[in-house]
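Coordinate inspection notes
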Amino acid sequence: MAQQETDQQATDQQAGNDGFVVDTENTEEREQAYRERGTARPITVVGNPVLHKECKDVTEFDDKLAALIDDMFASQRAAEGVGLAANQIGVDLKVFVYDCPDDDGVRHVGVVCNPVLQELSQEQRRLDESNEGCLSVPTAYAELGRPDYAEVHGQDAQGNPIKVRGTGYFARCLQHETDHLYGYLYIDRLSKRDRKDALKQMAEGTPRYETVPND
Ligand SMILES: [Zn+2]
């Protein structure tokens, strides 16, 4: 998702007492470790087929996956994003990374493989109407109502089951990135008119990061 205007393997996400991953500790060190091992890659944009179909499940939790995650953090930082899905660097695999603040301004850093968004109960479904942007729809923003709370179940880089939850902007990020891996962009959730307007903003703007040209 686009931003609004240690020696340790940094993949050691631990679950707290409540079973949710603790992704708010050592965020600076962990994010830096990932991105310094990785290489930034250009970002795919709307129209590239890899963004418009469901990605493949991750089945091999190996060094190759770890290297992909490093590249994703490097790419996310280079493009100044708060979340990035693997198909946004052209890789057909269900993985996303994030570096995103929540409603309380607390920074969350992590990675989720094979994410599944959890259904919310009626009282959890408070809609938040905020602006949303996407690195794959460069320079465009649009208001989009989404629940202000989200829970995602999936696996970490080693294949261990994890649960991630977030509020506010981070909840939006978790939904946005999971959508990517199922072939949906946020503009697919807009009215026809708003979608058209977003694509117009994109056509008129120039991204501040490298993108993959569409054929
Ligand atoms: Zn996006």
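About the cut-offs
Residues numbered from 1 in each chain as written. Predicted model: local features only at pLDDT ≥ 70, side-chain atom pairs only at ≥ 80, totals over all residues. Pairing = 2+ DSSP bridges. Helix = DSSP H or I, 4+ residues; strand = E, 2+ residues; numbered from the N terminus. Axes fitted to C-alpha atoms, helices over the stretch in contact; angles between N-to-C directions. Core = buried A, V, L, I, M, F, W, Y, C linked by C-beta atoms within 7 Å. Buried ≥ 20, exposed ≤ 12 C-beta atoms within 10 Å, placed from the backbone. Contact = placed C-beta atoms within 7 Å. UniProt positions renumbered as here; feature names shortened; annotations may be inferred.

**Concerning the sheet that holds strand β1 (residues 83–85)**
One open sheet holds the five strands; their spatial order is β1-β2-β3-β6-β7, and the pairing between them is antiparallel. Looking at strand neighbours, the two that pair on one side only are β1 and β7 (161–167), the edges of this open sheet. Strand-to-strand, the axes of this sheet are offset by a mean angle of 30°, without reference to chain direction. Pairing between strand β3 (residues 107–117) and strand β6 (residues 149–155): three bridges, direction antiparallel.

**Here's the deal with the nonpolar core**
By size, the foremost hydrophobic cluster in this structure holds 52 residues, and its most contacted members are Ile69, Met72, Ala86, Val95, Phe96, Val97 and Cys173. Where this core is concerned, the elements lending two or more residues are α2 (63–78), β1, β2 (95–101), β3, β5 (137–147), β6, β7 and α3 (168–181). What Cys173 contacts, discounting residues up to four positions off in sequence, is Met1, Val82, Gly83, Tyr98, Cys100 and Gly166.

**Considerations on unusual backbone geometry**
In this structure, Glu80 is a non-glycine residue whose phi angle is positive, near 55°. Within the secondary structure, Glu80 sits in the loop between α2 and β1. Taking the number of C-beta atoms within 10 Å as the measure of exposure, Glu80 has 11 and is therefore exposed.

**Digging into the UniProt feature "active site" (unreviewed entry) in the protein**
Mapped onto the present numbering, the UniProt feature "active site" (unreviewed entry) falls at Glu177. Looking at the element boundaries, Glu177 is found in helix α3.

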